[in-house]
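# A structural walkthrough
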Amino acid sequence: MRKQSQEAKVMNHLRTHGSITSLEALAKCGIIHLPRRIGNLKDDGVTFAEIWETKNGKRYKRWSLQKDKPNG
(Lines give C-alpha, C1' and ligand atoms only; values in the text may rest on other atoms or scores of the structure.)
Protein backbone atom coordinates (compact mmCIF):
# COMPACT_ATOMS: atom_id res chain seq x y z
CA MET A 1 0.00 0.00 0.00
CA ARG A 2 1.37 3.42 -0.99
CA LYS A 3 1.68 6.17 1.62
CA GLN A 4 -0.35 9.30 1.02
CA SER A 5 1.76 12.44 0.55
CA GLN A 6 1.45 15.20 3.10
CA GLU A 7 0.12 17.52 0.39
CA ALA A 8 -2.60 14.96 -0.40
CA LYS A 9 -3.47 14.76 3.31
CA VAL A 10 -3.83 18.55 3.43
CA MET A 11 -6.05 18.59 0.34
CA ASN A 12 -8.24 15.78 1.71
CA HIS A 13 -8.61 17.64 5.02
CA LEU A 14 -9.52 20.88 3.21
CA ARG A 15 -12.12 19.12 1.07
CA THR A 16 -13.62 17.38 4.09
CA HIS A 17 -13.43 20.14 6.73
CA GLY A 18 -13.13 23.33 4.68
CA SER A 19 -10.04 24.76 6.42
CA ILE A 20 -6.90 23.80 8.33
CA THR A 21 -4.51 25.29 10.90
CA SER A 22 -1.00 24.18 11.82
CA LEU A 23 -2.30 22.62 15.05
CA GLU A 24 -4.98 20.68 13.16
CA ALA A 25 -2.39 19.56 10.60
CA LEU A 26 -0.18 18.20 13.37
CA ALA A 27 -2.98 16.52 15.32
CA LYS A 28 -4.96 15.05 12.42
CA CYS A 29 -2.39 14.58 9.65
CA GLY A 30 0.95 14.30 11.46
CA ILE A 31 2.29 17.32 9.54
CA ILE A 32 4.82 19.35 11.51
CA HIS A 33 5.35 22.30 9.12
CA LEU A 34 2.05 23.09 7.37
CA PRO A 35 3.30 26.32 5.71
CA ARG A 36 5.79 24.25 3.66
CA ARG A 37 3.00 21.92 2.45
CA ILE A 38 0.82 24.95 1.61
CA GLY A 39 3.77 26.46 -0.31
CA ASN A 40 4.22 23.25 -2.29
CA LEU A 41 0.52 23.23 -3.17
CA LYS A 42 0.71 26.90 -4.21
CA ASP A 43 3.64 26.00 -6.48
CA ASP A 44 1.32 23.41 -8.05
CA GLY A 45 -1.30 26.10 -8.74
CA VAL A 46 -3.65 25.69 -5.78
CA THR A 47 -4.94 29.01 -4.43
CA PHE A 48 -5.76 29.60 -0.78
CA ALA A 49 -7.63 32.06 1.37
CA GLU A 50 -5.58 32.86 4.49
CA ILE A 51 -7.07 34.30 7.67
CA TRP A 52 -5.26 35.22 10.89
CA GLU A 53 -7.20 34.17 14.00
CA THR A 54 -6.60 34.74 17.71
CA LYS A 55 -7.63 32.39 20.52
CA ASN A 56 -6.52 32.66 24.15
CA GLY A 57 -4.04 35.36 23.16
CA LYS A 58 -2.38 33.15 20.51
CA ARG A 59 -2.36 34.14 16.83
CA TYR A 60 -2.43 31.52 14.11
CA LYS A 61 -3.28 31.27 10.44
CA ARG A 62 -6.20 29.30 9.01
CA TRP A 63 -6.04 28.24 5.36
CA SER A 64 -8.95 27.30 3.13
CA LEU A 65 -9.25 26.66 -0.58
CA GLN A 66 -9.84 29.89 -2.51
CA LYS A 67 -13.19 29.90 -4.23
CA ASP A 68 -13.01 30.73 -7.92
CA LYS A 69 -14.31 34.20 -8.65
CA PRO A 70 -17.19 34.22 -11.13
CA ASN A 71 -16.45 35.84 -14.49
CA GLY A 72 -18.10 39.18 -15.14
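Placed above this text is the structure.
The following paragraphs examine the structure supplied in this document. For clarity, every value in this text was computed on a predicted model and none was experimentally measured.

### Observations concerning the packing of aromatic side chains
Following the criterion strictly, the structure yields zero aromatic pairs and no others. Looking at Arg59, its charged tip hangs above the ring of Trp52, at a distance of 4.5 Å from the centre.

### Some words on the side chain of Glu7
The topology assignment puts Glu7 in helix α1 (residues 6–17). Here the side chain of Glu7 touches Arg37 through a polar contact of 3.0 Å, side chain to side chain. Among all residues touching Glu7, those that are not within four sequence positions of it are Arg37, Asn40 and Leu41.

### Remarks on the environment of Gly39
Looking at the element boundaries, Gly39 is found in helix α3 (residues 34–43). Along the backbone, Gly39 and Glu7 are 32 residues apart, and their C-alpha atoms lie at a distance of 9.7 Å.

### Observations regarding the side chain of Ser64
Its location among the elements puts Ser64 in strand β3 (residues 58–65). With near-sequence residues (within four places) excluded, Ser64 lies in contact with Leu14, Gly18, Ser19, Thr47, Phe48 and Ala49.

### Quick look at the sheet that holds strand β2 (residues 48–55)
In spatial order, the strands read β1-β3-β2; together these three strands make up an open sheet with antiparallel pairing. A strand with exactly one partner marks an edge of an open sheet, and here the two such strands are β1 (20–21) and β2. Summarising the sheet, β2 and β3 pair through eight bridges and their orientation is antiparallel. Note on β3: the bridge partner recorded for Trp52 is Lys61. Packing of α1 onto the sheet brings it into contact with β1, β2 and β3, and relative to β3 it is tilted by some 85°. Strands in contact with α3 are β1, β2 and β3; relative to β2, the strand with the most contacts, it is inclined by about 160°.

Each value, and the rule that gives it
Residues numbered from 1 in each chain as written. Predicted model: local features only at pLDDT ≥ 70, side-chain atom pairs only at ≥ 80, totals over all residues. Heavy atoms only, no water. Phe/Tyr/Trp six-rings, centres within 6.5 Å; stacked < 30°, edge-to-face > 60°. Lys NZ or Arg CZ within 6 Å of the ring centre and 35° of its normal. Helix = DSSP H or I, 4+ residues; strand = E, 2+ residues; numbered from the N terminus. Polar contact = N/O pair within 3.5 Å; in protein donor to acceptor, adjacent residues only side chain to side chain. Contact = heavy atoms within 4.5 Å. Pairing = 2+ DSSP bridges. Axes fitted to C-alpha atoms, helices over the stretch in contact; angles between N-to-C directions.

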